[in-house]
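Here is how the chains run, residue by residue.
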Amino acid sequence: MKKILALFVGLVLFTNSLKADEGMWLPQLLGEQVYADMVKKGLKLTKEQLYSINKASMKDAIIIFGGGCTGEIVSKEGLVFTNHHCGYGAIAAASTVEHNYLDDGFWAKTKNEEIYAKGVPAKFLMRIEDVSEKVNEKLKGLPKEEVPVKLNGIMNEISKKAIEGMNANFTEARVASFFKDNQFLLFVYEVYKDVRLVGTPPQSIGKFGGDTDNWEWPRHTGDFSIFRVYMSKDGKPADYNADNVPFKPTYFLPVSIKGLKDGDYTMIYGYPGGTSRYETSYGVKIKTDIENPTLVDLRDMRLKYMLEEMKKDTKIKLQLASSYAQIANYWKFFDGESKQLLKYKVYEQKQQNEKDFTTWAKGKPDYENIFTAIEKTYVEWTPYAKHRMFIREGILASPLLSFASNLMALDAAYKKPGVKPEEIATLCKQLKTACDRFIDDENIASDRNILASVIQMFYNQVDAGQLPKAEYDRIKSKYGDLSKTETYKALANDVFTNTVFLSKDKAAAFFDKPDTAALHKDPAYLLASAFLNNYSNNYMKYFTEFTNKNTILNRAYLKGYMEMNKGKIFYPDANFTMRVSYGAVKSYSPKDAVKYSHVCTLKGMMDKYKPGDYEFDLPKKQLDLVAAKDYGQYKDVALNDIVVGFITTNDITGGNSGSPVINGKGELVGLAFDGNYEALSHKITFDKDLNRTICLDVRYMSVSYTHLRAHETKANLVC
Ligand code: ARG
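These figures come from a predicted structure and were not determined experimentally. (Residues numbered from 1 in each chain as written. Predicted model: local features only at pLDDT ≥ 70, side-chain atom pairs only at ≥ 80, totals over all residues. Heavy atoms only, no water.)

### Here we look at the overall build of the chain
Put simply, the rule is: Secondary structure elements are taken from DSSP: a helix is a run of H or I of four residues or more, a strand is a run of E of two residues or more, and numbering for both begins at the N terminus. We take the radius of gyration over the C-alpha atoms and set the globule estimate at 2.2 Å times the residue count to the 0.38 power. Residue exposure (1.4 Å probe, protein chains only): buried if accessible area is under 20% of the type maximum, exposed if over 50%, otherwise partly exposed. Here the accessible surface of atoms and residues is derived via Shrake-Rupley with a 1.4 Å probe, and residues count as covered only by protein chains that are part of the display. Positive charges come from Lys and Arg alone, negative charges from Asp and Glu alone, with His and the N- and C-terminal ends not counted. Note that the charge is assigned to NZ on lysines, CZ on arginines, CG on aspartates and CD on glutamates.
Of the regular secondary structure elements, the chain holds 27 helices and 20 strands. In terms of C-alpha radius of gyration, the chain reaches 26 Å, essentially the compact-globule figure of 27 Å for 719 residues. Principal axes of the C-alpha set define a box for the chain whose edges measure 75 × 70 × 60 Å. Burial status across the chain gives 56% buried among its 719 residues. Surface accessibility of the chain: about 31000 Å² in total, with carbon and sulfur atoms responsible for 53%. In the chain, which carries 97 positive and 90 negative side-chain charges, the distance between the mean positions of the two groups comes to 2 Å.

Have a look at this one:
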């Protein structure tokens, strides 16, 4: 342990400046790692204003919004800004065909009208503690191979202990691993569960440009939504209760409508979800060769069938919209990621780094054979990689098969010697709730097509030797020739007609009197369990071996890599813990002879406008706004227009969505909501020339907000 600590202290002492705007920095280390550089680039605040453990500081205004986004507090009454795509699920859930807030927008005129967003908590970071020593103490003496097996348990145990005696309903602790298990930090959060929808633009603004413009600049999306955090009357985090009162923050971000110029300093606080900047060449290759293309193929198919149904009926559109948007988002991402990784020869660059490392490591027994060993793990695992993707993105991507896979727990419980009837009853109760939820969200028509295609694509694309042979024999004898699409359609029809898990009544009858014989006859269960058992009994062990070996090897590699680069400042990979990135507003050149401006405007939005289009239509009010040009204080005087979006060099990734873009004085000037296509390889490598964060200008948000709700009230934006 001491060695590791010494290594990190060393890194801090010998830091030299990392020139590009690369880096997702831990807020508590800003002061010692990059503060001087931030000031050089335009920051006007003190270290304590950025992060302090004793006083209110900027970090207190930043929240985890829902499951995977960032939000920020912008008023003394707990108002939260985040992206429209982050509020999307809550907005869709609050919508009905009669009150379609997704299509028409929603603005609460008074606090009483704000709509409770169930299942969208706001989490505030309370403290951070380095628990590396505690973790390493527990790992001491364990054989190397045992480390990956025990690590999660140890981390969970420390997390649990950290909040012992606290109200478990409203406190959360998580130990996160840094630098590939070379450092461990504990994060403790306070969880506020009463969060309410205050306002959202119609999705024709909030999602303007749809999937065509997603991950692209120039971008004219008004990607914002507004919520409010509530607390109990005595000032504590609470479940929803009509009597709750608006949250009183220790700090909230002031908003500036002064705008930014090309070159101005920007910083972004938030929760980047995950990067793999220390990925090996082998990891890059398996991604571009197998993982990404398989995922993209399967998602292409799923999206096609979902859209087909969504276009038929508003109710179905509302039902599938959120899930469709999520699938589409990373479908385009992974397709673009592969293209950029190949274009910029990231595999070859990584190979060169690894050669340099191996040369440095000669004669150092801890490090010299690392890459021979890593290569071996990939050679052993690669034959099964496609199969695993087909399970994750195929079998488990059909909502029915995914639900049916949960029933395997019931089968397993029955097989457990001495199982108590109470255990079965509890499990059945949970499964019944899950089944009801699944049925509410289920769109049979699209799922039936998806299921048929998945089973056919599985047959055509997964190595013949790895197929669940008995299941395909059964399909062949019951439904016909395995090379024909009709066979799979007949299978899907049978499954959807005869499973009991698509009817709440039939499912309730089953869960009231569960019976293994009936379960084993259910066609959805039969199909799901055949594929999942085949994978877990025969192939999952290779994946476990592969990840365990790589965990050990990568831990050693990164330790060695840091030793080799002593004096260089390192930032850890993103892992959904709070980070700060700093950079500047900057135009760029995406290709020869083309230059992209640092801002885009309402004029550009109107150029893209296509009446009646699925992605580029606009609401009448927005057209009126542009026609009247009544932009007031929000107009950019030099451009004589509204700035809709701008781009910066900040280093962010998914999870940062909704993050505040903050100027040198600590004021919110925009919301980060996307990355650009030319740098979609950013999870693996940061391109210092091309990487851009796409941000919504707060002046566009303000003008939309005030204009769209002008007929209702003259309330200020920040209330
Ligand atoms: N690409 C954005 C992100 O991951 C999400 C944008 C959502 N919009 C969409 N058309 N799917 O943060």
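Still more to cover.
### Brief notes about the side chain of Ser581
Note the following rule: A 3.5 Å cut-off defines polar contacts: any pair of N or O atoms within that distance qualifies, except that in protein one atom must be a possible hydrogen donor and the other a possible acceptor, and neighbouring residues in sequence count only when both atoms are side-chain atoms. By definition, residues are in contact when any of their heavy atoms lie within 4.5 Å.
Structurally, Ser581 can be placed in strand β13 (residues 579–584). On the basis of relative accessibility, which here comes to 2%, the residue Ser581 falls in the buried class. Among the polar contacts listed, one links the side chain of Ser581 to the side chain of Asn650, at a separation of 3.0 Å. Those residues in contact with Ser581 that lie beyond four places of it in its chain are Gly23, Thr266, Met267, Ile268, Asn650, Asp651 and Ile652.

### A few points about empty space enclosed by the protein
Note the following rule: Cavities and pockets were defined on a 1 Å grid built from protein atoms only: a cavity is a group of points that admits a 1.4 Å probe but offers it no way out, a pocket is an open group of points flanked by protein on both sides within 12 Å along at least five of seven lines, and a lining residue is one with an atom within 4 Å of any such point. Grid points are joined across faces, edges and corners, and a volume is the space filled by probe spheres set on the points. Residue polarity is assigned by list, with Asp, Glu, Lys and Arg as charged and Ala, Val, Leu, Ile, Met, Phe, Trp, Tyr, Cys and Pro as nonpolar; anything else, Gly included, falls into the polar class.
On inspection of all chains with the given rule, the structure shows 1 cavity of 30 Å³ or more. The volume enclosed by the largest cavity comes to roughly 30 Å³. Around the largest cavity sit Asn100, Leu102, Asp103, Gln203, Thr314, Lys317, Leu318 and Ala321, which together line it. Taken together, the elements giving at least two residues each to the lining of the largest cavity come down to α6 (101–104) and α12 (314–343). If one sorts the elements of the lining of the largest cavity by residue count, α12 sits on top with 4 residues. Partitioned by chemical class, the residues of the lining of the largest cavity number 3 nonpolar, 3 polar and 2 charged.

### Structural notes on the site of the ligand
Short version of the rule: The rule for a residue being near a molecule or strand is that one of its heavy atoms must lie within 4 Å of it.
Every residue close to the ligand is listed here: His85, Lys207, Gly210, Asp211, Asn214, Trp215, Ala325, Asn329, Ser657, Phe673 and Asp674. Contact distances for the ligand include 3.3 Å between a nitrogen atom and a side-chain N or O atom of Asp211. Within the complex, 94% of the 350 Å² of free accessible area of the ligand lies under protein. A breakdown of the residues in the shell around the ligand according to their chemical character gives 3 nonpolar, 5 polar and 3 charged.

### Overview of the state of the cysteines
Note the threshold: When two cysteine sulfur atoms are found within 2.5 Å, that pair is recorded as a disulfide.
Per the stated rule, a full pass over the model turns up 1 disulfide. For Cys69, the disulfide goes to Cys86, at an S-S distance of 2.2 Å. Here the S-S torsion is close to -80 degrees, and the disulfide linking Cys69 with Cys86 is therefore left-handed. In this pair, Cys69 is assigned in strand β2 (residues 69–73) and Cys86 in helix α5 (residues 84–94), connecting sequence segments 17 residues apart. Of the two residues, Cys69 and Cys86, neither departs from the other in class, the shared state being buried.

### Things to note about helix α15 (residues 399–406)
Because an α-helix completes one turn every 3.6 residues, residues spaced three or four positions apart along the sequence face the same direction. For α15, the complete set of buried residues consists of Leu400, Leu401, Phe403, Ala404 and Ser405. Residues of α15 that are buried sit in contact with α16 (408–415), α17 (421–441), α18 (444–461), α20 (485–498), α21 (504–512) and α23 (523–538).

### A closer look at the side chain of Ser529
Tracing the sequence through the fold places Ser529 in helix α23. Given a relative accessible area of 7%, Ser529 falls into the buried group. Separated by 2.7 Å, the side chain of Ser529 and the backbone oxygen of Tyr525 make a polar contact. At 3.3 Å, the side chain of Ser529 forms a polar contact with the backbone oxygen of Leu526. For Ser529, the residues in contact, after removing those within four places along its chain, are Met408 and Asn534.

### Observations concerning unusual backbone geometry
In this chain, Trp217 is followed by Pro218 through a cis amide linkage whose omega measures 0 degrees. Tracing the chain through its elements places Pro218 in the loop between α10 (210–213) and β10 (225–231). Here Phe179, not a glycine, exhibits a phi torsion of approximately 50 degrees, which is positive. When you line up the elements, Phe179 lands in the loop between β7 (171–178) and β8 (183–192). Backbone geometry at Phe576 places phi at a positive 60 degrees, although glycine is not the residue there. Tracing the chain through its elements places Phe576 in the loop between α24 (540–564) and β13. Looking at Phe576, the relative accessible area reads 18%, which means it is buried.

### A look at the packing of α15 against α16
Worth spelling out the cut-off: All axes are obtained by fitting lines to C-alpha atoms, using only the stretch in contact for helices, and the reported angles, taken between N-to-C directions, cover 0 to 180 degrees. An angle below 35 degrees is read as roughly parallel, one above 145 as roughly antiparallel, one from 65 to 115 as roughly perpendicular, and any other as oblique.
The contact between α15 and α16 brings their axes to 4 Å, and the two run at 20 degrees. If you check the angle between α15 and α16, you find them roughly parallel. Taking contact as the criterion, the partners of Ala404, Ser405 and Asn406 in α15 are, on α16, Met408, Ala409 and Leu410. Looking at the contact of α15 with α16 residue by residue, the classes come out as 4 nonpolar, 2 polar and no charged.

### Quick word on the sheet that holds strand β12 (residues 265–270)
Adjacent strands of a sheet pair through backbone hydrogen bonds, lying either parallel or antiparallel. The line we're drawing: Two strands pair if DSSP finds at least two bridges between them.
Strand order in this open sheet of 7 strands is β13-β12-β18-β19-β20-β17-β16, and the pairing throughout is antiparallel. In the strand order of this sheet, the two ends are held by β13 and β16 (599–601), each with one partner. Neighbour to neighbour, the strand axes of the sheet diverge by 30 degrees on average, direction disregarded.

### Brief notes about the pairing of strand β14 (residues 588–591)
Two strands pair when backbone bridges link them, and β14 and strand β15 (residues 594–596) are joined in this way by 2 bridges, in the antiparallel orientation. Following the sheet pairing, Tyr588 is matched in β15 by Tyr596. Between β14 and β15, which follow one another and run antiparallel, lie 2 residues, and Ala593 among them has a positive phi close to 75 degrees.

### Points about the pattern of salt bridges
Note on pairing: side chains with opposite charge can pair once their charged atoms come close. This is how the line gets drawn: Salt bridges are defined by distance alone: a side-chain nitrogen of Lys or Arg within 4 Å of a carboxyl oxygen of Asp or Glu.
Evaluated as defined, the whole model comprises 40 salt bridges. The partner of Glu129 in a salt bridge is Arg127, and the shortest N-O contact between them spans 2.8 Å. Here Asp697 makes a salt bridge to Arg699, at a shortest N to O gap of 2.9 Å. Neither residue differs from the other here; Asp697 and Arg699 are each classed as buried.

### Considering the pairing of β7
Sheet analysis places β7 next to β8, joined by 8 bridges and oriented antiparallel. Across the sheet, the residue bridging to Ala173 is Val188, located in β8. The hairpin turn running from β7 into β8, its antiparallel successor, is 4 residues long, and Phe179 in that turn takes a positive phi close to 50 degrees.

### Re the environment of Asn329
Mapped onto the elements of the fold, Asn329 is located in helix α12. Between the alpha carbons of Asn329 and Lys568 there is a distance of 35 Å; along the sequence they are 239 residues apart. With residues up to four places along the chain from it excluded, the contact list for Asn329 reads Asn214 and Trp215.

### Re the packing of aromatic side chains
As a reminder of what qualifies: Any two of the Phe, Tyr and Trp rings considered here, Trp counted by its six-membered ring, make a pair once their centres fall within 6.5 Å; the pair's planes then place it as stacked at under 30 degrees, edge-to-face at over 60, or tilted in between. By the criterion adopted, a ring carries a charge over it if an Arg CZ or a Lys NZ lies within 6 Å of its centre and within 35 degrees of its normal.
Under the counting rule described, the total for this entry stands at 44 aromatic pairs. Between Phe124 and Tyr192, the ring centres sit 5.3 Å apart and the planes meet at 75 degrees, which makes this aromatic pair edge-to-face. With a gap of 68 residues between them, Phe124 in strand β6 (residues 122–130) and Tyr192 in strand β8 connect regions that are remote in the sequence. Considering the side-chain rings of Trp381 and Tyr384, the 6.1 Å spacing of their centres and the 45 degrees angle between planes classify their relative orientation as tilted. Placement of both Trp381 and Tyr384 in helix α14 (residues 370–393) is noted, with a separation of 3 residues, approximately one turn of the helix. Residue class for Tyr384 comes out buried when judged on its relative accessible area of 17%. Taken together, the ring pairs connect Phe179, Tyr278, Phe357, Trp360, Tyr367, Phe371, Tyr557, Tyr561 and Phe570 into an aromatic cluster. Its guanidinium or amino end placed over the ring of Tyr230, Arg196 lies 3.6 Å from that ring's centre, counting from NZ or CZ. Against the face of Trp360 rests Lys364, its NZ or CZ located 4.3 Å from the ring centre.

By themselves these figures say nothing about function.
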